[in-house]
Amino acid sequence: MAATGLWDDEYDVVVAGSGAGAMTGALAAASHGLRTVVLEKTSLLGGTSAYAGAAVWLPGTRVQERAGIGDSTESARAYLRALLGEDADGRREAFLATAPEVAEFLERDPAIEFEWRPFPDYYAAQGRMDAGRSFVPLDLPAERLGELASLVRPPVDRDRSGRGHAAGALAQGRALIGRLLLALTNTGNATVRTGVRFRRLVVEDGRVTGVEVETADGPARIRAARGVLLAAGGFEGNGGMRAEHGVPGAAEWSMGPAGANTGDPLLAAVAAGAATDLMDQAWWCPGVEDENGRGCFTLGFRGGLVVDSTGRRFANESLPYDRMGREMAAAPERVPAYVVFDSRHADVLPAISIPSLPRSAWVEADTLDELAEKLGLPADALAATVERFNDFARDGVDADFHRGEDPYDLFFADRSEGAGPNPCLVPVDRPPYYAARLVLSDLGTKGGLRTDTEGRVLDDTGRPIAGLYAAGNTSASFSGRVYPGPGVPIGSAMVFAYRAAQDMAG
Ligand code: FAD
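Residues numbered from 1 in each chain as written. Predicted model: local features only at pLDDT ≥ 70, side-chain atom pairs only at ≥ 80, totals over all residues. Heavy atoms only, no water.

Caption draft 1: Region of the structure containing the packing of aromatic side chains. Tallied over the entire structure, the rule returns 21 aromatic pairs. Here Phe341 and Trp362 contribute two aromatic rings whose centre-to-centre distance is 4.9 Å and whose plane-to-plane angle is 85°, an arrangement assigned as edge-to-face. Taken together, the residues Phe341 in strand E13 (residues 337–342) and Trp362 in the loop between strand E14 (352–354) and strand E15 (363–365) connect sequence positions 21 residues apart. Residues Phe341 and Trp362 agree in their burial class; the two are buried. One aromatic cluster is present, built from ring pairs that chain together Phe119, Tyr122, Trp283, Phe297, Tyr321, Tyr408, Phe411, Phe412 and Tyr483. Between Arg221 and the ring centre of Trp7, over which it is positioned, the NZ or CZ distance is 5.0 Å. Positioned over the ring face of Trp283 is Lys446, at 4.0 Å from the centre of the ring. (Phe/Tyr/Trp six-rings, centres within 6.5 Å; stacked < 30°, edge-to-face > 60°. Helix = DSSP H or I, 4+ residues; strand = E, 2+ residues; numbered from the N terminus. Buried < 20%, exposed > 50% of the residue type's maximum accessible area, 1.4 Å probe, protein only. Lys NZ or Arg CZ within 6 Å of the ring centre and 35° of its normal.)

Caption draft 2: View of empty space enclosed by the protein. Overall, the coordinates contain two cavities of 30 Å³ or more when judged by the stated rule. There is about 110 Å³ of room inside the largest cavity. Every residue lining the largest cavity is counted, 14 residues in all, and those nearest its centre are Gly472, Ser475, Ser477, Ser492 and Phe496. The element contributing the most residues to the lining of the largest cavity is helix H15 (residues 488–505), with four residues. Class assignment of the residues belonging to the lining of the largest cavity gives a composition of seven nonpolar, six polar and one charged. By volume, the second largest cavity is sized at about 30 Å³. In this structure, the second largest cavity is lined by Gly300, Phe301, Glu317, Ser318, Leu319, Tyr408, Asp409 and Phe412. Of the residues belonging to the lining of the second largest cavity, the class tally is four nonpolar, two polar and two charged. (1 Å grid on protein atoms, 1.4 Å probe; cavity = no way out; pocket = protein on both sides within 12 Å on 5 of 7 lines; lining within 4 Å. Points joined across faces, edges and corners; volume = space filled by probe spheres on them. Nonpolar A, V, L, I, M, F, W, Y, C, P; charged D, E, K, R; others polar.)

Caption draft 3: Molecular detail of the nonpolar core. Residues Leu106, Leu229 and Tyr321 are the most contacted members of the largest nonpolar core, which totals 80 residues. Here the element with the most residues in this core is H15; it accounts for ten residues. Here Leu106 is in contact with Thr24, Leu27, Ile112, Phe114, Leu180 and Met494, once residues within four sequence places are set aside. Counting 55 residues, the second-largest nonpolar core is a separate cluster that includes Tyr11, Val213, Trp362 and Ile465. (Core = buried A, V, L, I, M, F, W, Y, C linked by side-chain atoms within 4.5 Å. Contact = heavy atoms within 4.5 Å.)

Caption draft 4: Expanded view of helix H1 (residues 20–31). The end-to-end C-alpha separation of H1 is 16 Å, in line with the 16 Å expected for twelve residues at 1.5 Å each. With respect to burial, H1 is a largely interior element, eleven of its twelve residues being buried. Every buried residue of H1 is listed here: Ala20, Gly21, Ala22, Met23, Thr24, Gly25, Ala26, Leu27, Ala28, Ala29 and Ala30. One or two steps after H1, the chain reaches Gly33, where phi turns positive at roughly 85°. (Expected span 1.5 Å × (residues − 1).)

Caption draft 5: Quick look at the pairing of strand E1 (residues 9–16). When you tally the buried positions in E1, you get six out of eight residues, the bulk of the element. Strand direction decides the pairing type here: E1 and strand E8 (residues 218–230), joined by seven bridges, are parallel. Each bridged residue has a counterpart across the sheet, and for Val15 the counterpart in E8 is Leu229. Pairing analysis gives four bridges linking E1 to strand E2 (residues 36–40), with the strands arranged parallel. Paired with Val13 across the two strands is Thr36, which belongs to E2. Where the polypeptide runs from E1 across H1 and back to E2, its parallel neighbour, the crossover connection is right-handed. (Pairing = 2+ DSSP bridges. Right-handed = clockwise from strand over helix to strand, strands pointing away.)

Caption draft 6: Spotlight on the site of the ligand. The environment of the ligand is formed by 35 residues, the closest being Glu40, Thr48, Ser49, Ala55 and Asn473. One of the side-chain nitrogen or oxygen atoms of Glu40 is found 2.6 Å away from an oxygen atom of the ligand. Residue Gly53 places a main-chain N or O atom 3.1 Å away from a nitrogen atom belonging to the ligand. Isolated, the ligand exposes 1,000 Å² of accessible area, and the fraction of that covered by the protein chains is 98%. Mapped onto the shell around the ligand, the elements with two or more residues apiece are E2, helix H2 (47–51), strand E6 (197–204), helix H10 (264–271) and H15. Considering each element in turn, the shell around the ligand owes the most residues, four residues, to H2. (Near = heavy atom within 4 Å. Polar contact = N/O pair within 3.5 Å; in protein donor to acceptor, adjacent residues only side chain to side chain. Areas by Shrake-Rupley, 256 points an atom, 1.4 Å probe, with all protein chains shown as cover.)

Caption draft 7: Local environment of H15. Across its 18 residues, H15 extends 25 Å between first and last C-alpha, which sits within 8% of the 26 Å expected from 1.5 Å per residue. The first or second residue beyond H15 is Gly506, which carries a positive phi of 70°.

Caption draft 8: Geometry of the layout of surface pockets. By volume, the second largest pocket amounts to about 260 Å³. Along its surface, the second largest pocket is lined by 15 residues, and Arg344, Asp414, Gly418, Ala419 and Val426 are the ones closest to its centre. Among the residues forming the lining of the second largest pocket, the class breakdown is six nonpolar, five polar and four charged.

Caption draft 9: Geometry of the pattern of salt bridges. According to the stated counting rule, one finds 35 salt bridges in the structure shown. For Arg77, the salt bridge identified is with Glu93, shortest N-O distance 2.7 Å. Of the two residues, Arg77 sits in helix H4 (residues 73–84) while Glu93 sits in helix H5 (residues 91–108), which places them 16 residues apart along the sequence. Exposure remark for Arg77: the relative accessible area of 23% places this residue in the partly exposed category. In this structure, Arg133 and Asp121 form a salt bridge, with 2.8 Å as the shortest nitrogen-oxygen distance. Separated by twelve residues along the polypeptide, Arg133 in the loop between strand E3 (114–116) and strand E4 (135–137) and Asp121 in the loop between E3 and E4 bring together distant segments of the chain. (Salt bridge = Lys/Arg side-chain N within 4 Å of Asp/Glu carboxyl O.)

Caption draft 10: Fine view of the side chain of Asn473. Its place among the elements puts Asn473 in the loop between strand E19 (464–470) and H15. A distance of 3.4 Å separates a polar atom in the side chain of Asn473 from the backbone oxygen of Thr445. Contacts of Asn473, omitting those with residues within four sequence positions, involve Gly233, Gly234, Trp283, Leu443, Gly444, Thr445 and Gly447.

Below, the structure is given as structure tokens:
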């Protein structure tokens, strides 16, 4: 915090971060004619949002209506109520009420187009859409972005190995960030600056009036006449903060871009009096571990089984990834766990891993005993687990964890000819055997600044701090300790950033 003084630059709205929430908030502000600047600390735009599949969980919009899938605000309300109980602070209702407006606002822009894709909601509860209600951006031909395309963070596999974009269209999260960037640029009211790190808030007479940043040319102060939106990710990449707040998992297993989401914007807001909530929470997932000790987001198991260090299964492997992550976090012997499979899957892991796990990271053995020895697992227990699992596969019923009974499980199953009575239960009986180490990864932390229905950051007494807004993983999620369905992180980031922009536009 600093007292007033000369400003190096002046805007109406300052946005820290450049993920989907930040870019949506910036676009909404700029569309109101507000002079807006996006500040991104790395050299690339999009953060984890650019890595995402970019499923967007915005219920009851024209996109689902076009697809004729029967989604509605009412059914989403019932679903969220079944999962989360009553709406304690109005944010859920604000989210539901605004979701259709956000989709309409974005699709009004010629740069932005979405389409519904099947991806089931994550819980069997009233109001669930078995085929899912989230939608995705259409791929974006790189030529439409021109030189700006190289500013968008590449997919995680290429980014981790420093390879930049492949030739061809931008897809998924890259398409979403690219489309938002195109729309933002076309407003004529926005400036996007990379390599500019937000450090501190400037507070005058109890109101946030600007920010202090670090640039390649040294520190600078930027005035924000209407407000500052912090949408700069969580603190998943900060091992110290994770330990302090007891977030299961580890910074090196997390999916955030290296060095990006370290929680400094959140700490700056706390220094200005902001309250926090849900600080031990993340959007979890299992992650097969690569040879560099990094987690690779793993979902959609279509074979094999998962055992803990006692050699036993502990969950339905086909659970939605956050639920499987929470199962892993529930007991220390479950991290690391091991995916065990056989030569049916000799060419490719029987699950989706992002990035895909190189075969060199697999452990291979001719017998289950040898595999157990190589993994340091009790051989008898592993053999008994596999035998019991193979019995389940033969009968088609997982009497222990009910794998294959939920539409989500079946969504990823291999239902091709020859699949057994339950396509989610594939026997593990054809040597050689294989295993991969499974760690507790996450897509970002989901605890952070307490906010109200307008995305305004609250202090310890529950009062908004004037001029300060937060969205995405910088804020505590309205979905609490639950990940309701594909696209809730990005969908909610977009809604509350949009509402923040509306509030700033007055
Ligand atoms: P980010 O998108 O990570 O953006 C934060 C940005 O802020 C970063 O660019 C960072 O560099 C920048 N920043 C940090 N500190 C500062 C600072 N001090 N100053 C300036 N800039 C700063 N979610 C979905 O909803 N749907 C999906 O389909 C989906 N798929 C996923 C697939 C993968 C492989 C992964 C890894 C995640 C997926 N997620 C998905 C999760 C989702 O991507 C994230 O939870 C979400 O994008 C986080 O958004 P954010 O804006 O909070 O942070």
